[in-house]
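# Per-entry structural report
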Amino acid sequence: ENEGQGRKQGRARILGVEETRVAAFVPGVGVRPFRFTLVLGKQASQPHAYASYAQHAVVSALNGFNACVIAYGQTGSGKTYTMFGPPGLLEGGGDPDV
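None of the values given here were measured: they were computed from a predicted structure. Along each chain, the written sequence defines residue order, and numbers are assigned to residues from 1. For this predicted model, a pLDDT threshold of at least 70 governs which residues receive local features, and a threshold of 80 or more governs which side-chain atom pairs are given and counted, while totals over whole chains, interfaces and linings are taken from all residues. Values shown for side chains rest on all heavy atoms present in the structure; no hydrogens or waters enter the calculation.

Note on pairing: two strands pair once DSSP finds at least 2 bridges between them. Helix numbers and strand numbers start at the N terminus; a helix is a DSSP run of H or I with at least 4 residues, a strand a run of E with at least 2. Summarising the sheet, strand S2 (residues 21-26) and strand S3 (residues 30-35) pair through six bridges and their orientation is antiparallel. Residue pairing across strands places Ala-24 opposite Arg-32, the latter belonging to S3. Between the antiparallel neighbours S2 and S3 lie three residues, among them Gly-28 with a positive phi of about 85°.

Turning our eyes to something else, we now look at the confidence of the model for the protein chain. For every residue, the predictor reports its confidence as pLDDT, a number between 0 and 100. For the protein chain, per-residue confidence averages 80 on the pLDDT scale, and 83% of positions sit at 70 or higher. Here helix H3 (residues 89-92) stands out as the element of the protein chain with the lowest mean pLDDT, 68, in contrast to S3, whose mean of 94 is the highest.

Read from one edge of the open sheet, three strands run S1-S2-S3, paired in antiparallel fashion. Strands with a single pairing partner mark the edges of an open sheet, and in this sheet they are strand S1 (13-17) and S3. Neighbouring strand axes in the sheet, compared pairwise and without regard to direction, differ in orientation by 25° on average. Across four bridges, S1 lies against S2 in antiparallel orientation. Looking across to S2, one finds that Gly-16 is bridged to Ala-23. Axis lines are fitted through C-alpha atoms, for helices just across the contact stretch, and the angle between N-to-C directions can take any value from 0 to 180 degrees.

Within the secondary structure layout, Leu-38 lies in the loop between S3 and helix H1 (46-62). Taking the relative accessible area as the measure of exposure, Leu-38 reaches 25% and is therefore partly exposed. Contacts are assigned to residue pairs with any non-hydrogen atoms lying within 4.5 Å of each other. Apart from the residues lying within four places of it in its own chain, the contact partners of Leu-38 are Glu-19, Ser-52 and Tyr-53. Accessible area is worked out with a 1.4 Å probe on protein chains only. A residue is then buried under 20% of its type maximum, exposed over 50%, and partly exposed in between.

Over its 17 residues, H1 runs only 21 Å from end to end, short of the ideal 24 Å by more than 12%, given 1.5 Å per residue. Bend, at a single residue, is the angle you get between axes fitted to the 7 residues ending at that residue and the 7 residues starting at it. Of all bends in H1, the biggest is about 60°, found at Ala-54. Among the residues of H1, those classed as buried are Ala-49, Ala-54, Ala-57 and Ser-60. The inward-facing, buried residues of H1 contact helix H2 (79-84). Under this definition, polar contacts are N or O atom pairs within 3.5 Å; protein pairs additionally need one hydrogen-donor-capable and one acceptor-capable atom, and for neighbouring residues in sequence, both atoms have to be side-chain atoms. At the N-terminal end of H1, a side-chain oxygen is found 3.2 Å from the backbone nitrogen of His-48, two or three residues along, and the residue is Ser-45. Phi turns positive one or two residues past the end of H1, at Gly-64, with a value near 95°. To estimate how far a helix should reach, multiply one less than its number of residues by 1.5 Å.

What follows is the structure in C-alpha cells.
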C-alpha cells in the first residue's frame, strides 16, 4: 500500500503562534501543537534573534567550547540574513550602520 494513502490532500495551515508553541492544522491528521524553546514572530528583529538564540553559542565558541547554531525554515524566510547579516557585513568587518 502507498504511504499516506487515505489522507486528505491539502496544505497544513498555521492556526496560531505563541511564545513557545505553534498550532497547525494538518489535513488528514487534525490540529497539531508543535513545542519549541522559543518562537520568534515575523516582526522579530535580527538583533533580537541573535540575542535569543546565537549569542550564547558565539560566546561559548570564543571561550574554546564547541558550539552550533542551526537555522531551519522555509526558503526565503531570512535564515541566511539572520545568521550572517546584510550583504557585505562580513567582508567589511564592521558595523553596517557606519
